[in-house]
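# Secondary and tertiary structure notes
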Amino acid sequence: MMIKIVKGDQIKALDRLHLSLSGQSSIELMERAAQSFCDWFIPNHAQTEVVSIWCGAGNNGGDGFAIARILSRKGFTVEVKCCFENSTKLSDDAQRNFERLPEIIRVRPLDDHVNKSTVLIDAFLGVGFRGALKESAVEIIEKMNRHSAKKISVDIPSGLPSEELPSGAVFLADVTVSFAQPKLSLLLPENEAVVGELVVLDIGVFLEVYEGFDTDFYYITRKDIPEKHHRFGRFSHKGDFGKVMLMGGSLGKMGAILLTGKSALRTGSGLLQLNIDKDQNLIAQVGLTEAMTTVDEKPDLSGIDALGIGPGWGTENRLEKLEYVLENFSRGIVLDADALNLISKNEKLLLKLPANTILTPHLKEFDRLVGSSENQLERWQKAKELAMELRIIIVLKGANTLINLPDGRQLFNSTGNHYMATAGSGDVLTGMITSFLGQGYSPENAAICGVYHHGLAGEIASKSKRRGLIAGDLIQTIPDTYIELGIK
Ligand SMILES: NC(=O)C1=CN([C@@H]2O[C@H](COP(=O)(O)OP(=O)(O)OC[C@H]3O[C@@H](n4cnc5c(N)ncnc54)[C@H](O)[C@@H]3O)[C@@H](O)[C@H]2O)[C@@H](O)CC1
Ligand SMILES: Nc1ncnc2c1ncn2[C@@H]1O[C@H](COP(=O)(O)OP(=O)(O)O)[C@@H](O)[C@H]1O
Ligand SMILES: [K+]
């Protein structure tokens, strides 16, 4: 069961359902949210930081008061800035947490001067924000934005609607720490400057609770992955791990298909065959000793469990070969890079794609396929429609890669980081997804596991490599992703 990305205005109902199922009280859930925030905050910040928490009158403010209490008890210097008039009635849970503020915390009224804090936490408006901002709220947001401190939003930046782009003043966060599930607007690239780094914290909302909510958007988390993996036994042999064929590479671009091939092997493929140009055979054989090669224009596809096509391939004189494959193979195909570019130039190929073919375009490749979009929301919609119409899977790559399934579900990935924006990292993904297909995973699970492990490899590798991360590091780190997830 996967977390759904429930709309902002459904979150209250979601909470109610969780509370009735769990027997928890709303104040306990708020405490859990505040505690999770602090569990993330404390190891990432020195105790010498001076923290100013700007709290509104709703439950977002309630989170802020609870965070203030917990951080103060942990030794941080904390002050609370009340972003409401004295006469304002606070929400019940906000009021209770306001009353629980320890005396050591300085509580500043709305009109008090700006202080010398080094971290500003925005707990002013959360998902309960509706309509146009009141003038007084605009002033508060602008005041927060002028502050030179590091800026962290609780749940969502104040003024940002849950599903759209901001239409007025909005808090500009360096980091947004969201609870339970990311709100859709946090995943829009257009909102990057508003959201900053995105952290999503599990606050223990029961997964069953999500079932009744109507949305096609899902969020893939760590919990979803182990159950999707196949188990292999003591008597498993290399045939059980699948035989994959990869087509790609061309003069000057052999590296791409070699990366894809190494990635497939590291992901667990039993047998790998590279189909490459005849004059590039030596490079392939020397570059990847574990692989077999074929140089046939119409290679024998019998016995192949999955095919990955496109990295480094070029589009010159490839049309006939791609048609041959699409007409003669339907066991599991991943199309990437130049295979996608070839389809963009020959749209009729789209109609030849066997059901459940996996396409892995980055944004530009996707736009080449379907035409440009005004914004990311429109692009997501087009990806969904195309996947449904052709009964295929479209893996729209980028931060929070979006997997579009034939039944209309759209799954956002939660792993990965910007250090993965380096040449060849998409080729690595193609190898991983093809490998899982070859190991007998359903196309949906191959796409999910491929994308999740790929991003996780990026996270693990970037701990030591940072900006120096290259695609080869991702490949070397694939085995660590199995260890990290406890998959044998
Ligand atoms: N499952 C969850 O997601 C949980 C959510 N909690 C928190 O609860 C928040 C939602 O709380 P609420 O529903 O009380 O709402 P918020 O606190 O987000 O917003 C309500 C407040 O915003 C003001 N407001 C709304 N629209 C405005 C406008 N246009 N201009 C100026 N002011 C405006 C209201 O007057 C009210 O004071 C979440 O964002 C999160 O921080 C947590 O406490 C517990 C668990
Ligand atoms: N900012 C980012 N955050 C997370 N993942 C990213 C980011 N930038 C790129 N990636 C991932 O890296 C890969 C890049 O693929 P692609 O653009 O095809 O690269 P190449 O063509 O060089 O192989 C994709 O899987 C993408 O999701
Ligand atoms: K906020």
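What you are looking at is a predicted structure, and each value in this text was computed from that prediction instead of being measured.

Conventions used here
- Residues numbered from 1 in each chain as written.
- Chains lettered and ligands numbered in written order.
- Predicted model: local features only at pLDDT ≥ 70, side-chain atom pairs only at ≥ 80, totals over all residues.
- Heavy atoms only, no water.
- Buried < 20%, exposed > 50% of the residue type's maximum accessible area, 1.4 Å probe, protein only.
- Helix = DSSP H or I, 4+ residues; strand = E, 2+ residues; numbered from the N terminus.
- Contact = heavy atoms within 4.5 Å.
- Near = heavy atom within 4 Å.
- Polar contact = N/O pair within 3.5 Å; in protein donor to acceptor, adjacent residues only side chain to side chain.
- Areas by Shrake-Rupley, 256 points an atom, 1.4 Å probe, with all protein chains shown as cover.
- Disulfide = S-S within 2.5 Å.
- Core = buried A, V, L, I, M, F, W, Y, C linked by side-chain atoms within 4.5 Å.
- Domains from an automatic or database assignment.
- Axes fitted to C-alpha atoms, helices over the stretch in contact; angles between N-to-C directions.
- Left-handed = near helix turned anticlockwise from the far one by under 90°.
- Nonpolar A, V, L, I, M, F, W, Y, C, P; charged D, E, K, R; others polar.
- Phe/Tyr/Trp six-rings, centres within 6.5 Å; stacked < 30°, edge-to-face > 60°.
- Lys NZ or Arg CZ within 6 Å of the ring centre and 35° of its normal.
- Buried area = accessible area lost by both parts, 1.4 Å probe.
- Salt bridge = Lys/Arg side-chain N within 4 Å of Asp/Glu carboxyl O.
- pLDDT = per-residue confidence, 0-100.
- Lys, Arg positive; Asp, Glu negative; His and termini not counted.

Let us now look at helix H10 (residues 337-345). Taken across its nine residues, H10 has eight buried, putting it largely inside the fold. Every buried residue belonging to H10 is among Ala337, Asp338, Ala339, Leu340, Asn341, Leu342, Ile343 and Ser344, and all of these are buried. Where H10 is buried, its residues meet strand E13 (306-309), helix H9 (319-328), strand E14 (333-335), strand E15 (358-359) and helix H11 (363-370).

Quick look at the site of ligand 1 now. As a structural note, the neighbourhood of ligand 1 is formed by 23 residues, with Asp15, Asp63, Gly126, Arg130 and Asp155 the closest of them. Between Asp155 and ligand 1, the recorded distance is 2.6 Å, taken from a side-chain N or O atom to an oxygen atom. Look at ligand 1: alone it shows 880 Å² of surface, and the protein chains cover 84% of it. Put simply, the parts of the chain that give the shell around ligand 1 at least two residues each are helix H1 (11-22), helix H2 (26-44) and helix H3 (59-73).

This part covers the state of the cysteines. With the rule as written, the count across this model stands at zero disulfides. Looking at the unpaired Cys82, the closest cysteine sulfur is the one in Cys55, lying at 6.9 Å. Residue classification places Cys82 among the buried residues on the basis of a relative accessible area of 6%. We note that Cys83 lacks a disulfide partner, and the nearest cysteine sulfur, in Cys55, lies 7.0 Å from it. The buried category is assigned to Cys83, whose relative accessible area is 7%.

Take the nonpolar core next. A general feature of soluble globular proteins is that nonpolar side chains tend to end up buried together. Among the nonpolar cores identified, the biggest contains 93 residues, and Phe37, Phe41, Ile121, Ile309 and Leu335 are the most heavily contacted of them. Counting residues per element, this core draws most heavily on H2, which supplies seven residues. Looking at this core, you find at least three residues from each of domain 1 (3-211) and domain 2 (226-485). Those residues in contact with Ile309, other than ones at most four positions away along the chain, are Met247, Leu322, Val325, Ile333, Val334, Leu335, Asp336 and Ala339. Core analysis: the next-biggest nonpolar cluster, separate from the first, contains 49 residues, Tyr218, Leu246, Val334 and Met420 among them.

The contact between helix H13 (residues 425-438) and helix H15 (residues 471-485) brings their axes to 9 Å, and the two run at 35°. The way H13 lies across H15 gives a crossing that is right-handed. Along its contact with H13, which presents Ser425, Val428, Met432 and Phe436, the element H15 presents Ala471, Leu474, Ile475, Ile478 and Tyr482. Looking at side-chain class alone, the contact of H13 with H15 contains eight nonpolar, one polar and no charged residues.

Turning our attention to the packing of aromatic side chains. Counting across every chain of the model gives 11 aromatic pairs. On the basis of an interplanar angle of 65° and a centroid distance of 5.8 Å, the ring pair of Phe37 and Trp40 is categorised as edge-to-face. With Phe37 and Trp40 both in helix H2, this residue pair falls three residues apart, about one helical turn. Taking the centre distance of 5.1 Å and the plane angle of 65° together, the rings of Phe65 and Phe98 count as edge-to-face. Within this pair, whereas Phe65 is found in helix H3, its partner Phe98 is found in helix H4 (residues 92-99), the two being separated by 33 residues in sequence. Feature note: the residues Phe37, Trp40, Phe41 and Phe76 constitute an aromatic cluster, connected by ring pairs. Over the aromatic face of Trp54 sits the side chain of Lys81, whose NZ or CZ is 5.3 Å from the ring centroid.

So, about the domain arrangement of the chain. In terms of domains, the chain is made up of domain 1 (3-211) and domain 2 (226-485). Every contact between the two is made by seven residues of domain 1 and, on the other side, six residues of domain 2. Here domain 1 and domain 2 share an interface that buries about 600 Å² over both sides, 79% of which is from carbon and sulfur atoms. On inspection of domain 1 and its partner domain 2, the count reaches zero salt bridges.

In this model, the chain carries an average pLDDT of 96, and 100% of its residues clear a pLDDT of 70 or more. Confidence, expressed as mean pLDDT per element, reaches its minimum in the chain at H1 with 94 and its maximum at strand E17 (residues 402-404) with 99.

Turning our attention to the side chain of Lys4. For Lys4, the position within the fold is in strand E1 (residues 3-4). For the buried residue Lys4, which engages in no salt bridge, the nearest side chain bearing the opposite charge is Asp214, 6.2 Å off. In terms of polar contacts, Lys4 uses its side chain to reach the backbone carbonyl oxygen of Glu211, at 3.1 Å. Those residues in contact with Lys4 that lie beyond four places of it in its chain are Gln181, Tyr210, Glu211, Phe213, Thr215, Phe217 and Tyr218.

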